[in-house]
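So the chains spell out like this:
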Protein chains: 4
Amino acid sequence: MAVPHPLPGNARCYPHRMKLALLGAGRIGQIHAANIHHHPRARLHAVADVNAEAARSLGERYGAKASTDIDAVLADPALEGVFICTSTDTHVELILKAARRKLPIFCEKPIDLDLAKVDTCLAEVTRAGVPLMIGFNRRFDPHFRSLREAVRQGEAGDVEIVKITSRDPAPPPPAYVRVSGGIFRDMMIHDLDMARFLLGEEPVEIFATGSCLVDPGIGEAGDIDTAMVILKTQRGALCHIDNSRRAVYGYDQRIEVFGSKGMLQAANPLPTTVTRYTREAVLSDKPYHFFLDRYPEAYRAELEHFLDVVTGRAEPLVTGRDGRAALVLADAALQSLKLGKPIPIPR
Amino acid sequence: MAVPHPLPGNARCYPHRMKLALLGAGRIGQIHAANIHHHPRARLHAVADVNAEAARSLGERYGAKASTDIDAVLADPALEGVFICTSTDTHVELILKAARRKLPIFCEKPIDLDLAKVDTCLAEVTRAGVPLMIGFNRRFDPHFRSLREAVRQGEAGDVEIVKITSRDPAPPPPAYVRVSGGIFRDMMIHDLDMARFLLGEEPVEIFATGSCLVDPGIGEAGDIDTAMVILKTQRGALCHIDNSRRAVYGYDQRIEVFGSKGMLQAANPLPTTVTRYTREAVLSDKPYHFFLDRYPEAYRAELEHFLDVVTGRAEPLVTGRDGRAALVLADAALQSLKLGKPIPIPR
Amino acid sequence: MAVPHPLPGNARCYPHRMKLALLGAGRIGQIHAANIHHHPRARLHAVADVNAEAARSLGERYGAKASTDIDAVLADPALEGVFICTSTDTHVELILKAARRKLPIFCEKPIDLDLAKVDTCLAEVTRAGVPLMIGFNRRFDPHFRSLREAVRQGEAGDVEIVKITSRDPAPPPPAYVRVSGGIFRDMMIHDLDMARFLLGEEPVEIFATGSCLVDPGIGEAGDIDTAMVILKTQRGALCHIDNSRRAVYGYDQRIEVFGSKGMLQAANPLPTTVTRYTREAVLSDKPYHFFLDRYPEAYRAELEHFLDVVTGRAEPLVTGRDGRAALVLADAALQSLKLGKPIPIPR
Amino acid sequence: MAVPHPLPGNARCYPHRMKLALLGAGRIGQIHAANIHHHPRARLHAVADVNAEAARSLGERYGAKASTDIDAVLADPALEGVFICTSTDTHVELILKAARRKLPIFCEKPIDLDLAKVDTCLAEVTRAGVPLMIGFNRRFDPHFRSLREAVRQGEAGDVEIVKITSRDPAPPPPAYVRVSGGIFRDMMIHDLDMARFLLGEEPVEIFATGSCLVDPGIGEAGDIDTAMVILKTQRGALCHIDNSRRAVYGYDQRIEVFGSKGMLQAANPLPTTVTRYTREAVLSDKPYHFFLDRYPEAYRAELEHFLDVVTGRAEPLVTGRDGRAALVLADAALQSLKLGKPIPIPR
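Residues numbered from 1 in each chain as written. Chains lettered and ligands numbered in written order. Predicted model: local features only at pLDDT ≥ 70, side-chain atom pairs only at ≥ 80, totals over all residues. Heavy atoms only, no water.

1. So, the relation of the copies chain B and chain D
When chain B is fitted to chain D, the best match, at an RMSD of 0.0 Å, comes from turning it 180° and sliding it 0.0 Å along the axis. Seen this way, the second copy is the image of the first under a two-fold rotation axis. Using C-alpha coordinates, one finds that chain B approaches the rotation axis most closely at leucine 283 of chain B, a distance of 2.3 Å. Here 100% of the interface residues in chain B have copies in chain D that are interface residues too; the copies meet face to matching face. (Least-squares fit on C-alpha atoms with pLDDT ≥ 70 in both. Contact = heavy atoms within 4.5 Å.)

Right under this line is the structure:
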């Protein structure tokens, strides 16, 4: 086939592949490792994990050095950037180490569950002058990005109502719930970030409510599994978020923005466009099962953006301040739930 | 065409047409008048309105007696049922008059804006032993009815989340807002009834918030035009309602029910199934403009059901208690808005 | 409820109800009888059927005279119009009788299976100067009408491809097939008329092919049950039609028009907008079961239009020439099938 | 984030990357080059093109040897497989050279425009005992693959009707049309292959018709730009294909399979799920613009499958016989168009 159409525009030459270290070889770390490996501008230089076998196997797969010694990995002068994908309680320490090494940092959300620690951390990062990007992957999803761009272009007019639906396919074990910081800081934090991303101004008030309807063990662990939140901005725009830890039909992630000029909706993308007409019903695909299936493009776009940040072509789209602001909202949601009334958002 | 397929099943014979009086010849009264006239089991016997010309013209159109004297109309011994479609402040008085006449009553919502008056009224109706049906037309919409039937059959499992979207195409004039009882008692009352219809148990708590974003005149009239409410039941199920007085794309009426076995959604029906693929986009129809276009089948089904009630074949699907309960929720929403916190629902 | 919005525009006064006679009290006759009865401008004056009981019961239901004597019915000087819904072999005779009585005529399709008889009939109708409207109900379906209006407005640009899908839920008995004139004259004739309606110019060539895949009894009766046709116009526009006598998911009626400016599609309307998300799949309603459920608005709009024809407000949208032209195409399709090659359309 | 869910299952180790040569560095060659480069089991070893600069720039981008000397490239003993993406008139010669080198071959469609040359070629390939895979990429599209798998599983029952829509966004220049072999051998050949893929048995008859409606230059080049074809199998199943060289709304690729148990449809996937509700309409995304945007997963899956073929894990899903069979159908379509009648398919 030699169709005489113009050449594709991506005929760029990539002479250099940035050497990145991955800290944390768990599930999300493996996603980033694969994307880094396959990216023409990046190279997985080193992998560190407290679990030696996890580090070794991932390193071997992509030809990267493997280690259990994070300090040694960070000391490598060839390094040009760091992905922090370890457990939440180690984020601040690793951010600070990387900042001292003057390395651009990508860190999975949340920065920490403790706001005071987050503030100290961000202050040091600022002093170090290194870019820090937080892993709110949904901002990079093509559907939500297109929606947000339309909002920014004024297609909905003045934003008056935002509705975010976010439901996981199955609840995590109660043991995880106990250390996760709870549904607001672990799960809804993504939606709270999305709310800020879409509202165009900061929420000034939050009301949260919820129930334990899915797994009594979650209630025994002191958490809820079904939650609703209403945010209000200074101007009076309203944002509703609903979360459930269990949607039997799969990962349900939808957004609606309503305003003076109309409404924008982003629906769940489906694996295939196949529809079946039978004697009983008309059937379509279910949504994707979970975030690894739902957000592959988002993870790739996130990396692309981070590489632009590292090379100074872009400011981080999701900064440490964004990471902090979402945590503030999550903490306020928790307080609202406990007090049973709306809470003003602290600045 | 003489296709040898079986005959349709509606080959019933209707020997009697029930003689109904219509009180109130305004917009919604005209809808009921037309439906009564065209129904094989009903006849529009009389029309009464304080506006003599409105009564006369409607009566003439359908061959019904016209009058400005409601008492005279109700005194007619031939009468078998009454439709009350007058302004809200006259509902209780007319219900009581009809009840004394032992006539089955259909009354548009709300019964009254004052709960004490409602209670007195319902007590008298009970004593009179006449059936009273309230015009929550959406319960009769085929889409919502199908959704509710699926919920009742357990297709969603235990109901955990209900979401109701209800937006008008354009705001009423502030002068109307002033006498309407406000957004909760005038507009959201339909959604509050729908919430009760779907939740399967009574809400025990309500939180309401809102803003005036559409028309400053509505704010000056002491009301809001954009509202959100969260209801919670004893069992912990959550229901969210959002209202706006202005959706530029038309009348937006959607429902979502989420539970342990899945999700049910009722979307906006569209005037036609025509899709246009152009150089710029793929275009579908907008939703219907407003309730007269959106709910014609519901008004017809409402009448059908009322005729069954009159003939003793059915209990009212929407009773005076339902009318009262929705008003209680609307009042509680208003109180929550004023106090800025959740309110327990009084019994 | 007394919302201060403008009154609906249908506040016309209908002083006169046109007296119509229905010939043929079968399934389709009953549809027309009900619509006539409920129409404010029409009255079912008389019903005639060779089956005395069928005539009597339909007449009783709607307060119309019933008879087995069509001549007597037509002789009634009060009559203002006639609906012919008898079996196809009687259409021409009854059209001629009604034409001699100078009555406006609505006749179900097809006029006759014999083209020579059709030509004689139409010539007499023309001489009599009475309007004759043929019951191609799909032209009055709101979805297809909206599609056609968009085509007429040039939204698709120059029409290049038309695709019509038309599938029945279940095959008729072979005994019916034997007298029906076959799939082209009994079933596809509707699609052939729709093709003419949409193409904007006459087809000049037709190719038909098909198989007996559904019911061997249909093959033994000399017919096929699965058919495809391609029409071509002078300008080179192409139209494809596919028919099946059995679609297990219901009555499948879709149209696609493609042209220089884009594409227009009319999909199957569905009974409700309810979608179910389960552990297994996402389910929507099936299409309507058959034409009585699918086309109620079309039958009502057809009557509305006929009343306008009777009162001289409109020319018939579907004339005797249209009925003839569709039959010519059906005959040519049959000839093409028999000869196994494309056939030029005779004028 | 360290969610305690199971690890993804793709934790395989890839010790070896197969060394592949790419012949032809044009548009489609560049797609394969990128996919080969990014695949963990493959390596782009060499690129050959008569255009030295095209070869050099692609080779540089992916670290592959570049050459204008195909013989030299094929002589490299390290080579493990070949991608032939040159112009159609060179396919046979290159297939034969690769076959003599005993290399597994991937060749873009069509093998050749001359059936006799194809037969000679396939005979030699068979003698050489090397696997040959033809690039009918649509068989690897996830939507169509899912549809086909459902057909194979019997979800549609016995297949009775297949409908394939295939429209390009814009016509190629007439100069290209002149050497392309015409619409049937250049464009519809994909659909003819898809028809065979879905029908489950060979077509025995074909009828083709068409017009030049888009670009008179195409007509002057002796071709048509709007085409319809009907295929019929021994059993009587019917397949319709429609092609247009210009769909202003984008690349339109849809399939419908209808049978005794229901219908399966594969619709156009859309870039995003965003819907816009405005004062004027409800808008969705247009389909993708053209095949490079529409079929990226298909090209990747095609490579994946070829690697399995090379390593002996799989037989080619698209063989030389398939390439030949599609050409036979395209030739028969052209003959039917010329003769103006259906043509039996030669074996």
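And the narrative resumes.
2. With respect to helix 4 (residues 91-100) of chain C
Residue and element names in this part refer to chain C. Taking burial as the measure, the 10 residues of helix 4 include seven buried ones, the bulk of the element. What helix 4 keeps buried is the set His91, Val92, Leu94, Ile95, Leu96, Ala98 and Ala99. Looking at the buried residues of helix 4, the elements they touch are strand 1 (18-23), helix 3 (70-75), strand 4 (81-84), strand 5 (105-107), helix 5 (115-128) and strand 6 (132-134). Immediately beyond the C-terminal end of helix 4, within one or two residues, lies lysine 102, with a positive phi of roughly 60°. (Buried < 20%, exposed > 50% of the residue type's maximum accessible area, 1.4 Å probe, protein only. Helix = DSSP H or I, 4+ residues; strand = E, 2+ residues; numbered from the N terminus.)

3. A closer look at the interface of chain B and chain A
Listed as interface residues are 43 residues of chain B and, on the opposing side, 43 residues of chain A. Taking both partners together, chain B and chain A bury about 3200 Å²; carbon and sulfur atoms supply 64% of that area. The largest share of the area that chain B buries against chain A comes from Leu213, Met228 and Phe258 of chain B, three residues that together contribute 17% of it. Counting every contact that joins chain B to chain A gives eight salt bridges. A salt bridge links arginine 246 of chain B to glutamate 160 of chain A, with the shortest nitrogen-to-oxygen separation between them at 2.7 Å. (Buried area = accessible area lost by both parts, 1.4 Å probe. Salt bridge = Lys/Arg side-chain N within 4 Å of Asp/Glu carboxyl O.)

4. A few points about unusual backbone geometry
Only a minority of non-glycine residues have a phi that is not negative, and only a minority of peptide bonds are not trans. Residues and elements named next belong to chain C. The omega angle of the peptide bond from lysine 109 to proline 110 is -10°, so this bond is cis rather than trans. Counting through the fold element by element, proline 110 comes out in the loop between strand 5 and helix 5. Positive phi is not limited to glycine here, since lysine 102 has a value of about 60°. Topologically, lysine 102 is positioned in the loop between helix 4 and strand 5. For lysine 102, a relative accessible area of 51% translates into the label exposed.

5. Notes on the relation of the copies chain B and chain A
Between the two copies, chain B and chain A, the superposition gives an RMSD of 0.0 Å; the rotation angle is 180° and the shift along the axis is 0.0 Å. In this assembly the copies share their binding face: 100% of the residues contributing to the interface of chain B also contribute to that of chain A.

6. What about the interface of chain B and chain D?
Counting from both sides, the interface comprises 13 residues of chain B and, opposite them, 13 residues of chain D. Considering only the side of chain B, the residues that lose the most area to chain D are Val248, Arg279 and Val282 of chain B, jointly responsible for 39% of the buried surface there. Between the two partners, chain B and chain D, sit zero salt bridges. If you look at where chain B meets chain D, you find four residue pairs in polar contact (both at pLDDT 80 or more). Partitioned by chemical class, the residues of the side of chain B that touches chain D number seven nonpolar, two polar and four charged. Alignment of strand 14 (residues 282-284) of chain B against strand 14 (residues 282-284) of chain D, held across three bridges, turns out to be antiparallel. (Polar contact = N/O pair within 3.5 Å; in protein donor to acceptor, adjacent residues only side chain to side chain. Nonpolar A, V, L, I, M, F, W, Y, C, P; charged D, E, K, R; others polar. Pairing = 2+ DSSP bridges.)

Any functional reading would require information beyond the geometric quantities listed.
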